[in-house]
Amino acid sequence: MISSVLKVGLWCTGLIAGLVACSPRAQTVPILMLHRVADEASGDMWTLKTAEFERLLGELTHAGFHSVFADEIIWRGLGRKSPVSKPLILTFDDGDLSLLTTVEPILRRRGFKAMVYVSTANIADTPDHRIHAEGRDYLTWTEIRSLRAGGVFEFGAHGHRHIRADQLIDPDAEIRDCLAAFETLGGFRPTSYSYPFGVYTKPLVAVLRRAGFTTAVTCTERTARIAFGTKPLKLPRIWVRGVGPSLDGAEWIKGDSP
Ligand SMILES: [Zn+2]
């Protein structure tokens, strides 16, 4: 009797020691938030000049960063340190046409990949019916399917109608409409979400979790720490502005491996 109690005790001690040894390490992962890239500055905070975008990517390459899709880093981060040295996630909100014409070729040439979050009500089926709103041209489903097949972009959801979560009367219906468009017109179901205007509410987070989303990004401005216990549906991002403070000399770029 005593020996079996001892055995159980030793087994538990070994199990606890093993769990501590295997405990995941928190890892710093910068998640950059961008919207649109254009040759000329427009004075709009969310339009980054092409030359500035090239310079930023050059700086990230020089610092040794490697871009990953959102879900890649979450699954690696939960279990262990990422095998990718200095991981980073580039994100683009809204699905501006410049992603096709300007951003994709630059990312491909420089060996980067990025997440793109689209609001499905802004996405027409084909370029003939392209939606133009608030001074922007949006991607179409034909283009999204082709870009996704190219491997540089993975697409996530940015709501159906681009409404702040605290103004959504029925979050369930909003996500249902969004997913229906992705599945019917895009041919896939997204697993990553970007909150329009960065606003999230408990009911919306619960809807996303039930719908199978595994990551979601906010507009809270700081570097994410990914580890066991990180809330992957409330990830912070670093803003890349077209005007105002730039990222030049930012601590997270200059620092050693996180
Ligand atoms: Zn947006």
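Source: prediction; values computed, not measured.

Colleague: Where do I start with the overall build of the protein chain in this structure?
Modeller: The helix and strand inventory of the protein chain stands at eight helices and 14 strands. When the 258 residues of the protein chain are sorted by exposure, 36% land in the buried category. Taking contacts inside the protein chain between residues at least 6 apart in sequence as the whole, the part at least 24 apart equals 63%.

Colleague: Mind showing me how you'd approach helix α4 (residues 98-110) here?
Modeller: Every α-helix carries 3.6 residues per turn, so stepping three or four residues along brings you back to the same face. For α4, with 13 residues, the first-to-last C-alpha span of 17 Å sits near the 18 Å given by 1.5 Å per residue. At Glu104, α4 is deflected by roughly 35°, the largest bend along its length, and proline Pro105 occurs up to four residues later in sequence. Regarding α4, the residues found buried are Ser98, Leu99, Leu100, Val103 and Leu107. Residues of α4 that are buried sit in contact with β3 (36-38), β6 (87-93), β7 (114-118) and α5 (141-150).

Colleague: What is the right way to look at the pairing of β7 in this model?
Modeller: Each regular strand shows side chains that alternate between the opposite faces of the sheet. Burial within β7 is extensive, with five of its five residues counted as buried. Covered by surrounding structure in β7 are Ala114, Val116 and Val118 together with Met115 and Tyr117, the residues of both alternating faces. Sheet topology places β6 next to β7; four bridges connect them, and they run parallel. In the sheet register, Leu90 faces β7, and the bridge partner there is Ala114. One ladder, built from five bridges, connects β7 with strand β10 (residues 153-157); its direction is parallel.

Colleague: Sorry, what's going on with helix α2 (residues 50-62) here?
Modeller: The terminal C-alpha atoms of α2, which comprises 13 residues, lie 18 Å apart, in line with the 18 Å expected from a rise of 1.5 Å per residue. Within two residues after α2, Gly64 carries a phi angle of roughly 90°, on the positive side.

Colleague: Quick question: what am I supposed to make of the pairing of strand β12 (residues 215-221) here?
Modeller: Pairing of strand β11 (residues 192-194) with β12, which is carried by three bridges, proceeds in the parallel orientation. Each bridged residue has a counterpart across the sheet, and for Tyr193 the counterpart in β12 is Ala216. With helix α7 (residues 202-210) bridging β11 and its parallel neighbour β12, the resulting β-α-β unit is right-handed. Two strands pair when backbone bridges link them, and β12 and strand β14 (residues 235-239) are joined in this way by two bridges, in the parallel orientation. Across the sheet, residue Val217 finds its bridge partner in β14, namely Leu235.

Colleague: What should I look at first to understand the packing of helix α6 (residues 171-186) against α7 in this one?
Modeller: Each pair of packed helices can be summarised by the angle the axes make with each other and by the distance between the axes. Where α6 contacts α7, the two axes come as close as 9 Å, and the packing angle between them is 40°. Between α6 and α7, the crossing angle belongs to the class labelled oblique. Remark: the crossing between α6 and α7 carries right-handed chirality. Residue-level contacts link Pro171, Asp172 and Ile175 of α6 to Pro203, Leu204, Val207 and Leu208 of α7.

Calculation criteria
- Residues numbered from 1 in each chain as written.
- Predicted model: local features only at pLDDT ≥ 70, side-chain atom pairs only at ≥ 80, totals over all residues.
- Helix = DSSP H or I, 4+ residues; strand = E, 2+ residues; numbered from the N terminus.
- Buried ≥ 20, exposed ≤ 12 C-beta atoms within 10 Å, placed from the backbone.
- Contact = placed C-beta atoms within 7 Å.
- Expected span 1.5 Å × (residues − 1).
- Bend = angle between axes of the 7 residues up to and from the residue.
- Pairing = 2+ DSSP bridges.
- Right-handed = clockwise from strand over helix to strand, strands pointing away.
- Axes fitted to C-alpha atoms, helices over the stretch in contact; angles between N-to-C directions.
- Parallel < 35°, antiparallel > 145°, perpendicular 65-115°, else oblique.
- Left-handed = near helix turned anticlockwise from the far one by under 90°.

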